[in-house]
Amino acid sequence: MLGLLLLRANRVVATSELLGALWPDENRPTTARKIVQNAVWGLRALFAEQSAVHRGPELVTQAPGYVLRLDPERLDLHRFNRRVAEGRSRLSAGAPAEAARLLGAALEEWHGPALADLAEAGTDWPELTALSQLRLDVMEDRFEAELRSGHHYSVLGELVSLAEEEPLRERLCGQLMLALYRCGRQAEALDVFSRVRRALVEEHGLEPSRELQLLQQNILTHDPALAPPATVAPAPPAVHTRPAQPAPPAVHTRPEQPEQPAPPEQPAPPRALPERVSHRAPSPHTERRSVAVLLVGARTAETSAAGQDAAESHTLYDAVAAVADCVEEFGGTVAGSLGRVWVAVFGLDTGRAEAAQGAVRAAVALRVRLSQVPGPRWHAVVSAGEALVRWNPHDASAPVRVVGRLVDEARTLLATVPSGAIHLDGEAVQDTVGLVRQVPTEQPRVRAVAGLRTTAETAALPDPSGGFEAELGMVKSLLTRSRRHDAPHLVTILGQPRVGRTRFLADFVRSIQGEAVRVVRVRGRDPRASWTLCDVLRACCGLPLSDTDDRGLTDVVRRVAGRSETAERLLRRLSPGRPYDPSDQDAEAYEAWCELLVLLAREQPLVLCVDDAHAADDAVLGLVEKLASLPQDVPLLILVCARPGGLLTRRPLWGSGLRHSVTLTLQRLPGAAAEQSVGSGWLRDPAPREAVPREAVPREAVPREVVAEVSGELSGER
């Protein structure tokens, strides 16, 4: 009883609360109130003995219970809360060193669990649970203050120990990742992220928070914002430097210049600090937006003669100046450099198409200028799509950071670009088709820039969308809605032969290239092979269509479900070599495949495109209807193209009764060449079934786009 009164010192504790805390209702003795009254009498006698020496606590009766009155400073819980409030206030005010000292003093009030004897006896009060969580929160606040002060080495051991005890606290694990990275242990920092993600997925089916994922990405790209704050001079262990407040690790803003160090026993922050902070410009913010990135790389000879270093440095200086001039001339911003690779971003104040065109114009202008610079050989990549951008729209001089898959894929592509060439990737291909002459490369979806188009060439280009701009925009908006609301959507595209259904599908797939979605394309029939429903399901999972060894399937299940009971159940039902009748749609294997597709779509939104659905097997159509009617929240878009007579004759109630189902009818295009403009490289001619290589899709990762060709050559009957 004394423990509960101390937890609520100087507050009324009702008798009923005391009874409920001491005994469960079913085990409460009939003399419970009498026992409480006797305990109160005993405590009063004990306090009276202490009051004879000095003023001690008083246990006063006050309806509807009792109040334990005492000096708050004599209670360790009160001292802890007071120092925590002071430390957090100093941390918010930009004094991390002083905040670390105050928070450390608060934690020194702890000498084990709160009310350890009661906890050992099995007492489980909400106050004890809340107090334990508060202690962990304060420890994280102290770690943050120490990291802001540049003391990553001193807290690394504590972070490792506590993260092992609390593996699901993402803020704590993020602090450990940052400390490891600053200590030069980058691989271990990434291992921490993998361990946290695995634990979250296996135990709760959740992905790590956006902040933790962004921290992982910044570690991979060696973001300068992760560097420790600078100090005026190396300080002795007992003296903490006092840098101005940099942003927390998950936000990754640039730390400001440090202030003069001050001894911890005499904290005296400058009076001007609050005023300076209150008048600062709005801080940068991070957002996901459609941009275009330009990466320019330099290749130099592996060996150089003595005495050429100065000349090479001068050449690189001229190149940097040229990059900055051309990027700014066409509306871009230089975001930084990675070795001898310069990164520029376009589209901070324009649309994506205009941004891609500005990036390409800058690249073409750079190619002309850098061709006149002797020494290194230059090459460039322009890619457009969504990326995470950190910038300050109110401060043009503030640095800009751009990270994400868009930049990573552009860096990978840059290594394969020949010297003097400019390659286009992602949405930049479609956005600049009227600006530059494009030629195919050895890589699908990548084009090389041959030069700027003349006005006459641009005027002679065919309409790239085939006249279906409104329909394409509608389908793209439904994809956005499906991803935003995690809801399955069925879109049926009906059209007579030669109206342009296949072209419409190809244009849609091309328009979403570069987005964080998995695209699977299926056609209704292949005269050279009998495609089963299981083949389509394997294609949706990114697995080879002809494979007797299902190690790839095991890897996919482990990736999305870990080693949970769900994973084991899926592996049992999808065991290698297990016979499966596609007509038996109530079979366990069928349900397991559908469940696996749901998990994959939750990992990355899935777009399933079915062309010539009027000729597809009944089992394939049944799969489409089942996926479209899933009750779970899953980001899934199913795009079905078919002749109206063929599909609706076989399935008169197609799409009816579904929550999100839309049917669009394409009208006949003028002219007879509706299918002629499908660009080479977007639709591949299907290979015979036995010619599909075993390693067509890597086992270690499901590709961003899987094209499952289930029909023959493009024919003119569509």
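About the thresholds
Residues numbered from 1 in each chain as written. Predicted model: local features only at pLDDT ≥ 70, side-chain atom pairs only at ≥ 80, totals over all residues. Heavy atoms only, no water. Helix = DSSP H or I, 4+ residues; strand = E, 2+ residues; numbered from the N terminus. Buried < 20%, exposed > 50% of the residue type's maximum accessible area, 1.4 Å probe, protein only. Contact = heavy atoms within 4.5 Å. Areas by Shrake-Rupley, 256 points an atom, 1.4 Å probe, with all protein chains shown as cover. Polar contact = N/O pair within 3.5 Å; in protein donor to acceptor, adjacent residues only side chain to side chain. Axes fitted to C-alpha atoms, helices over the stretch in contact; angles between N-to-C directions. Parallel < 35°, antiparallel > 145°, perpendicular 65-115°, else oblique. Left-handed = near helix turned anticlockwise from the far one by under 90°. Phe/Tyr/Trp six-rings, centres within 6.5 Å; stacked < 30°, edge-to-face > 60°. Pairing = 2+ DSSP bridges. Salt bridge = Lys/Arg side-chain N within 4 Å of Asp/Glu carboxyl O. Core = buried A, V, L, I, M, F, W, Y, C linked by side-chain atoms within 4.5 Å. Arc of directions from axis to C-beta. pLDDT = per-residue confidence, 0-100.

1. Some words on the overall build of the protein chain
Thought 1: If you tally the helices and strands in the protein chain, you get 25 helices and 17 strands.
Thought 2: Residues counted as buried form 47% of the 718 residues belonging to the protein chain.
Thought 3: Of the contacts made within the protein chain by residues no fewer than 6 positions apart, 73% connect residues no fewer than 24 positions apart.
Thought 4: Surface summary for the protein chain: the accessible area is close to 34,500 Å², and the carbon and sulfur share equals 52%.

2. Quick look at the side chain of Asp 223
Thought 1: By the element assignment, Asp 223 lies in the loop between helix 11 (210-220) and helix 12 (272-278).
Thought 2: One polar contact links the side chain of Asp 223 to the main-chain amide nitrogen of Ala 225, over a distance of 2.8 Å.
Thought 3: Sequence-distant contacts of Asp 223, defined by excluding residues within four places in its chain, comprise Tyr 181, Asn 218 and Arg 401.

3. Quick look at the packing of helix 10 (residues 186-204) against helix 11
When two helices pack together, their arrangement is captured by the angle between the axes and the distance separating the axes.
Thought 1: Two numbers describe how helix 10 lies on helix 11: the axes approach to 10 Å, and their chain directions differ by 150°. Judged by the inter-axis angle, helix 10 sits roughly antiparallel to helix 11. Helix 11 is crossed by helix 10, and the crossing has left-handed handedness. Seen from helix 10, the contacting residues are Ala 189, Leu 190, Phe 193 and Val 196; seen from helix 11, they are Leu 212, Gln 213, Gln 216, Ile 219 and Leu 220.

4. A word on the packing of helix 9 (residues 170-182) against helix 10
Thought 1: Put simply, helix 9 and helix 10 touch, their axes get as near as 7 Å, and they point 165° apart. Put simply, helix 9 runs roughly antiparallel to helix 10. Both helix 9 and helix 10 take part in a crossing whose hand is left-handed. Seen from helix 9, the contacting residues are Glu 170, Cys 173, Leu 176, Met 177, Leu 180 and Tyr 181; seen from helix 10, they are Gln 186, Glu 188, Ala 189, Val 192, Phe 193, Arg 195, Val 196 and Leu 200.

5. Here's the deal with the environment of Met 474
Thought 1: Of note, Met 474 is situated in helix 18 (residues 469-485).
Thought 2: Between the alpha carbons of Met 474 and Val 662 there is a distance of 10.0 Å; along the sequence they are 188 residues apart.

6. Side note on the packing of aromatic side chains
Thought 1: Taken as a whole and assessed by the stated rule, the structure comprises 2 aromatic pairs.
Thought 2: For the ring pair Phe 80 and Trp 110, a centre distance of 5.7 Å and an interplane angle of 80° mean the geometry is edge-to-face. Highlighted residues: Phe 80 in helix 4 (residues 76-92) and Trp 110 in the loop between helix 5 (96-107) and helix 6 (116-120), separated in sequence by 30 residues.
Thought 3: The class for Phe 80 is buried, based on a relative accessible area of 2%.
Thought 4: Judged by centre distance (6.1 Å) and plane angle (45°), the ring pair of Trp 342 and Trp 378 falls under tilted. Highlighted residues: Trp 342 in strand 6 (residues 341-346) and Trp 378 in strand 7 (residues 377-391), separated in sequence by 36 residues.

7. Focus: the sheet that holds strand 2 (residues 58-62)
Thought 1: Spatially, 3 strands are ordered 1-3-2 in an open sheet, and the strand pairing comes out antiparallel. Looking at which strands have only one partner, the edges of the open sheet turn out to be strand 1 (12-14) and strand 2. This sheet shows a mean twist of 30° between the axes of neighbouring strands, independent of strand direction.
Thought 2: Where strand 1 meets strand 3 (residues 65-69), 3 bridges bridge the pair, whose relative direction is antiparallel. Bridge pairing in strand 3 links Val 13 to Tyr 66.
Thought 3: Strands in contact with helix 2 (residues 15-22) are strand 1 and strand 3; relative to strand 1, the strand with the most contacts, it is inclined by about 65°.

8. Considering unusual backbone geometry
Thought 1: A positive phi is found at Asn 10, a non-glycine position, where the angle reads about 65°.
Thought 2: Here Asn 10 is to be found in the loop between helix 1 (2-7) and strand 1.
Thought 3: One non-glycine residue, Arg 445, lies in positive phi territory at about 70°.
Thought 4: Among the secondary structure elements, Arg 445 is positioned in the loop between strand 10 (436-440) and strand 11 (447-452).

9. Concerning the pattern of salt bridges
Thought 1: Considering all chains together, one arrives at 27 salt bridges under this definition.
Thought 2: When the shortest N-O distance is used, the salt bridge between Arg 185 and Glu 188 registers 2.8 Å.
Thought 3: The exposure class assigned to Arg 185 is partly exposed, which follows from its relative accessible area of 33%.
Thought 4: Its relative accessible area of 36% is what places Glu 188 among the partly exposed residues.
Thought 5: The salt bridge partner of Arg 401 is Asp 223, with a shortest N-O separation of 3.7 Å. Here Asp 223 lies in the loop between helix 11 and helix 12 and Arg 401 lies in strand 8 (residues 401-403), a separation of 178 residues in the sequence.
Thought 6: Within this structure, Arg 88, Asp 137, Glu 140, Asp 141, Glu 144, Arg 148, Arg 169 and Arg 171 form a network of salt bridges that share partners.

10. Remarks on the nonpolar core
Thought 1: Counting residues in each nonpolar core, the largest one holds 57 residues, and the members touching the most others are Val 36, Leu 59, Phe 80 and Met 177.
Thought 2: Considering every element that reaches this core, the biggest residue donor is helix 9, with 8 residues.
Thought 3: Those residues in contact with Phe 80, other than ones at most four positions away along the chain, are Ala 106, Leu 107, Glu 109, Trp 110, Leu 134, Arg 135 and Val 138.

11. Re the pairing of strand 9 (residues 422-426)
Along a regular strand, successive side chains alternate from one face of the sheet to the other.
Thought 1: Where burial is concerned, most of strand 9 is hidden: 5 out of the 5 residues are buried.
Thought 2: With 5 bridges joining them, strand 7 and strand 9 adopt parallel strand pairing. In the sheet register, Ala 380 faces strand 9, and the bridge partner there is Ile 422.
Thought 3: One ladder, built from 2 bridges, connects strand 9 with strand 11; its direction is antiparallel. The residue of strand 11 that forms the bridge with His 423 is Ala 448.

12. Considerations on helix 21 (residues 551-561)
Thought 1: Listed as buried for helix 21 are Gly 552, Leu 553, Val 556, Val 557, Val 560 and Ala 561. The buried residues of helix 21 all sit within an arc of 140° when viewed along its axis, so they share a single face.
Thought 2: The secondary structure elements touched by the buried residues of helix 21 are helix 10, helix 22 (565-573) and helix 23 (588-603).
Thought 3: Among the residues trailing helix 21, Gly 562 stands out with phi positive, at a value near 65°.

13. Brief notes about the environment of Ser 149
Thought 1: The residue Ser 149 is located in the loop between helix 7 (126-148) and helix 8 (152-165) in this model.
Thought 2: Assessed through its relative accessible area of 1%, Ser 149 is described here as buried.
Thought 3: Sequence-wise, Ser 149 and Pro 229 are 80 residues apart; in three dimensions their C-alpha atoms are separated by 6.8 Å.
Thought 4: At 3.3 Å, the side chain of Ser 149 forms a polar contact with the backbone nitrogen of Ala 97.
Thought 5: At 2.9 Å, the side chain of Ser 149 forms a polar contact with the backbone oxygen of Ala 145.

14. Concerning the confidence of the model for the protein chain
Close reading of the predicted structure is inappropriate where its pLDDT is low.
Thought 1: Scored by pLDDT, the protein chain has a mean of 75; 74% of the residues are at 70 or more.
Thought 2: Predicted confidence is poor over residues 577-586, with pLDDT under 50, and the contacts of this stretch with residues over four places away or in other chains come to 16 contacts.
Thought 3: Under a pLDDT of 50 for its full length, residues 669-718 has, in the predicted model, 122 contacts with residues more than four places off or in other chains.

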